[in-house]
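Per-entry structural report
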Amino acid sequence: MMNALLLIGLFVLFIGPLVVAYFVYTFMMKRIKEHEASQEEERPATTSNHALQQRIEQLERRVDELEKRK
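Calculation criteria
- Residues numbered from 1 in each chain as written.
- Predicted model: local features only at pLDDT ≥ 70, side-chain atom pairs only at ≥ 80, totals over all residues.
- Heavy atoms only, no water.
- Helix = DSSP H or I, 4+ residues; strand = E, 2+ residues; numbered from the N terminus.
- Buried < 20%, exposed > 50% of the residue type's maximum accessible area, 1.4 Å probe, protein only.
- Patch = residues over 30% accessible without salt bridge, like charges linked within 9 Å, V, L, I, M, F, W, Y side chains within 5 Å.
- Areas by Shrake-Rupley, 256 points an atom, 1.4 Å probe, with all protein chains shown as cover.
- Salt bridge = Lys/Arg side-chain N within 4 Å of Asp/Glu carboxyl O.
- Lys, Arg positive; Asp, Glu negative; His and termini not counted.
- Charge placed at Lys NZ, Arg CZ, Asp CG, Glu CD.

Looking now at the overall build of the protein chain. Looking only at helices and strands, the protein chain has one helix and zero strands in total. A buried classification covers 0% of the 70 residues belonging to the protein chain.

Quick look at the structure:
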């Protein structure tokens, strides 16, 4: 009986943290992948917003030039 309890205790002591570490690892990897995916979705929007902002500024300068000619 004592040997069985000792084996169970050693099993929990050594294998338990490995099981916990595995679940923490998989959970964190899933979160990291989700975060990277959301980052990739946001990047093109900001670059297109930047490009649109530059185009707006370019058109405003063009309008100013045409108004000066009048």
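And the narrative resumes.
What follows is about a negative patch on the surface. Together, Glu 57, Glu 60, Asp 64 and Glu 67 give the surface a local cluster of negative charge. Within the secondary structure, Glu 57 sits in helix α1 (residues 2-69). Judged by relative accessible area, Glu 57 falls into the partly exposed class, the value being 36%.

Spatial relationships are all this shows, so hold off on functional conclusions.
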